[in-house]
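A structural walkthrough
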Amino acid sequence: MINALLVTVSEEQLRSNLRQDLPLVILGSIIAAIGVAAVVLYLSRWQSRERVLLWFGLFAGPYGLRLLTNTTPFQIAFGEPQGFWPFINKLVEFATIVPALLLFENFYGKGWRSSVRWLIWAYGVFATIAFTSIVIQRRPDLFPAAGIGTVFLLPAILLLGRLMGYKPPHVQDRSVLSLGLLALFLTFAHDRIASTRLFDWHADTEPYGLFVLICCLGYVATRRVLANERLLVSLGEEMRAATRIQSSILPRTSPETGSFNLAVRYAPMTAVAGDFYDFLVFQPGCLGIVVADVTGHGVPAALVASMVKVAVSAHMDVGAEPGKVIAGLNSSLCRQARGQYASAVYVFLDQARRIGCYSAGGHPPLLLWHRANRTLLELNENGLLLGVRPSEEYAQTEFTLEAGDRLLVYTDGLVEAVNARGEAFGEAQLGEFIATHQDLPAEQFAERLLDKVLGWPENGSTRAQADDITVVVIDIGNLPEQIP
């Protein structure tokens, strides 16, 4: 009879313990899972330096696991903790205070004269000494609950900062975050004071305070995600508008002028680019070609490229003098976009006189293929990069045109494309491509060349295009009798 009664009492006690610990099991599981997820998310986005995730994860993950191991269901499932477990439990208790304080510092700042940072260092030293003493003396109960000193020191630091005029950094949704931190601190303080047994309090409120903080962080994170989504949508619309605007400043078709057959390929690295090209048609048989490459990428470079378009149009009256055109572009860039630089080349072709003339500033050399004798001529006379000195003068150089010649004008993205082995496409390979594909018409040649360069990473490499690419191919057809 007595044995049956004892069994009944034991079962009732077990059920009571299970009912009492069930909320803690649920909270511990949620907190541990969220903590681990926060650390994983931080590691996947470490370049963003969002350390809130790291500090929160390092605090919440171990805390949730420790909470679980102290519950009856866990002990029934995995057995009573062994002799070493109280030491591990104490280590986790000491260690989790540091990321908790770092989390607080992330929102509040370092405090007046770095008082919060001093508290973190002081607690770190104390925790190291305390745990070492516990291990040496083999007494997990040697020191009171970890962090009890912060219950008094943290409010003192906040009060001191208030009196000394310390202003915390601006944080979005500060009131919500402050509510969560306050809930955690109050329940933390309650449990630490309860652990001293000075009052008839139960030390079991801290998990609920942490759960309130998690809810507050979740609310703030959700608001930030939604705000970021709206910003991304807005930026996407602006980028599409910028792409349309940039497309409108580039020639839609190649001009048909006398003996010159043109083909253009333009491959921006991003939605908008810093490469620019244009054609200036003067009298029949005369053609001006400008190709520019603004340093940098994206929207800033595209804005400067748009300015180059305006500057080119303003120098139509000297279009037959490449040196003056490049000097004018340089002057405009220095005057209207200080600190921005560009390479550029301007080529003037005159079929009646059978000559070409060019001027360049910091630009890759022109390549002239003489089909008659199968030789490649590198036209590499170059001046200073545009945007450095406003009064810079640029020389111009003439070259002879022959029927069957092919002229290439391009930006450095064409030859600087790098494959998976780190090898650049290079000028030597470009020259070889020109020689082996001389029989292709201009359009097919330009298309095949761009495909070759864009496919240069090869072997399944995921290496992305590293620069904008522009290439203009000019085939010289039958030329009229030369005018003396």
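My aim in this report is to walk through the structure given alongside it, one point at a time. (Residues numbered from 1 in each chain as written. Predicted model: local features only at pLDDT ≥ 70, side-chain atom pairs only at ≥ 80, totals over all residues. Heavy atoms only, no water.)

**Side note on the packing of helix α5 (residues 97-108) against helix α7 (residues 150-163)**
This is how the line gets drawn: Axes here refer to lines fitted to C-alpha atoms; in helices the fit is confined to the stretch in contact. Angles between the N-to-C directions go from 0 to 180 degrees. We count a stretch as a helix when DSSP gives it H or I for four or more residues in a row; a strand needs E for two or more, and each element gets its number in order from the N terminus. Here is the rule for angles: anything less than 35 degrees is roughly parallel, anything more than 145 is roughly antiparallel, 65 through 115 is roughly perpendicular, and the remaining ranges are oblique. Between two residues, a contact is recorded if the distance between any of their heavy atoms is within 4.5 Å. Under this grouping Gly is polar, as are all residues other than the nonpolar Ala, Val, Leu, Ile, Met, Phe, Trp, Tyr, Cys and Pro and the charged Asp, Glu, Lys and Arg.
Two numbers describe how α5 lies on α7: the axes approach to 14 Å, and their chain directions differ by 10°. Judged on the interaxial angle alone, α7 and α5 are roughly parallel. Contacts between α5 and α7 involve L101, F104 and Y108 from the former and T150, L154, I157, L158 and G161 from the latter. Classifying every residue of the contact of α5 with α7 by side-chain character gives six nonpolar, two polar and no charged.

**Considerations on unusual backbone geometry**
Although it is not a glycine, R113 adopts a positive phi angle of roughly 50°. Along the chain, R113 turns up in the loop between α5 and α6 (115-137). Positioned with a positive phi, R374 is a non-glycine residue whose angle comes to about 50°. The residue R374 is located in the loop between β6 (366-370) and β7 (375-379) in this model.

**Observations regarding the packing of aromatic side chains**
We count it as follows: Stacked, edge-to-face and tilted are the three classes for Phe, Tyr and Trp ring pairs, Trp counted by its six-membered ring, which pair at centre distances within 6.5 Å; planes under 30 degrees apart are stacked, over 60 edge-to-face, the rest tilted. For the exposure calls, accessible area comes from a 1.4 Å probe over protein chains only, and a residue counts as buried if that area is under 20% of its type's maximum, exposed if over 50%, partly exposed in between. Charge-over-ring contacts are defined here by two conditions on Lys NZ or Arg CZ: a distance within 6 Å of the ring centre and an angle within 35 degrees of the ring normal.
Evaluated as defined, the whole model comprises nine aromatic pairs. For the pair F104 and Y108, a centre-to-centre distance of 5.2 Å together with 20° between the ring planes defines the contact as stacked. Of this pair, F104 and Y108 both sit in helix α5, separated by four residues, roughly a single helical turn. Of the residues examined, Y108 reaches a relative accessible area of 11% and is grouped as buried. Taken together through their ring pairs, the aromatic side chains of F94, Y123 and F126 make up a single cluster. Above the ring of F445, the side-chain terminus of R406 is found at 4.3 Å from the ring centroid.

**What to know about the environment of R66**
By secondary structure assignment, the location of R66 is in helix α2 (residues 51-69). Residues R66 and G28, 38 residues apart in the sequence, show an inter-C-alpha distance of 7.9 Å. In contact with R66, other than residues within four places in its own chain, are N89, V92 and E93.

**A few points about the nonpolar core**
Our working rule: As used here, the term nonpolar core means buried Ala, Val, Leu, Ile, Met, Phe, Trp, Tyr and Cys residues forming a set that is joined through side-chain atoms within 4.5 Å.
Grouped together as the largest cluster of nonpolar side chains are 51 residues, with contacts concentrated most on V347, L407 and I474. What I474 contacts, discounting residues up to four positions off in sequence, is F260, N261, L262, I289, L349, D405, R406, L407 and V409. Counting residues in hydrophobic clusters, the runner-up holds 42 residues, among them A38, F59, F94 and Y123.

**Describing the pairing of strand β1 (residues 260-267)**
On a regular strand, one side chain projects to one face of the sheet and the next to the other, so that they alternate. Rule in force here: Strand pairing is assigned whenever DSSP identifies at least 2 bridges connecting the two strands.
Within β1, six of the eight residues are buried, leaving the element largely enclosed by the surrounding structure. Of the strand pairs in this sheet, β1 and strand β10 (residues 469-476) are connected by eight bridges, and their pairing is antiparallel. Of the residues in β10, the one forming a bridge with F260 is I476.

**Digging into the sheet that holds strand β3 (residues 286-294)**
Two modes of strand pairing occur in sheets, parallel and antiparallel, and in both the strands are linked by backbone hydrogen bonds. In space, the five strands of this open sheet follow the order β2-β3-β4-β5-β8, with antiparallel pairing throughout. Strand pairing shows two members of the sheet lacking a second neighbour, β2 (275-281) and β8 (397-400), which therefore form its edges. Looking at each pair of strands side by side, their axes are set apart by 15° on average, direction ignored. Running at roughly 15° to β2, helix α10 (residues 298-313) makes contact with β2 and β3 of the sheet.

**Section: the sheet that holds β7**
Strand order in the open sheet formed by five strands is β1-β10-β9-β6-β7, with antiparallel pairing between adjacent strands. Unpaired on one side and paired on the other, β1 and β7 mark the two borders of the sheet. Pairwise comparison of adjacent strand axes, ignoring direction, gives a mean angle of 15° for this sheet. Where β6 lies against β7, five bridges are found, and the strand directions are antiparallel.

**A word on helix α8 (residues 174-195)**
What counts here: Helices are assigned an expected span. That span is 1.5 Å times one less than the residue count.
Relative to the 32 Å expected for 22 residues at 1.5 Å per residue, α8 spans 31 Å between its end C-alpha atoms, a close match to the ideal helical length. The complete set of buried residues in α8 reads L177, G180, L181, A183, L184, T187, F188, A189, D191, R192 and A194.

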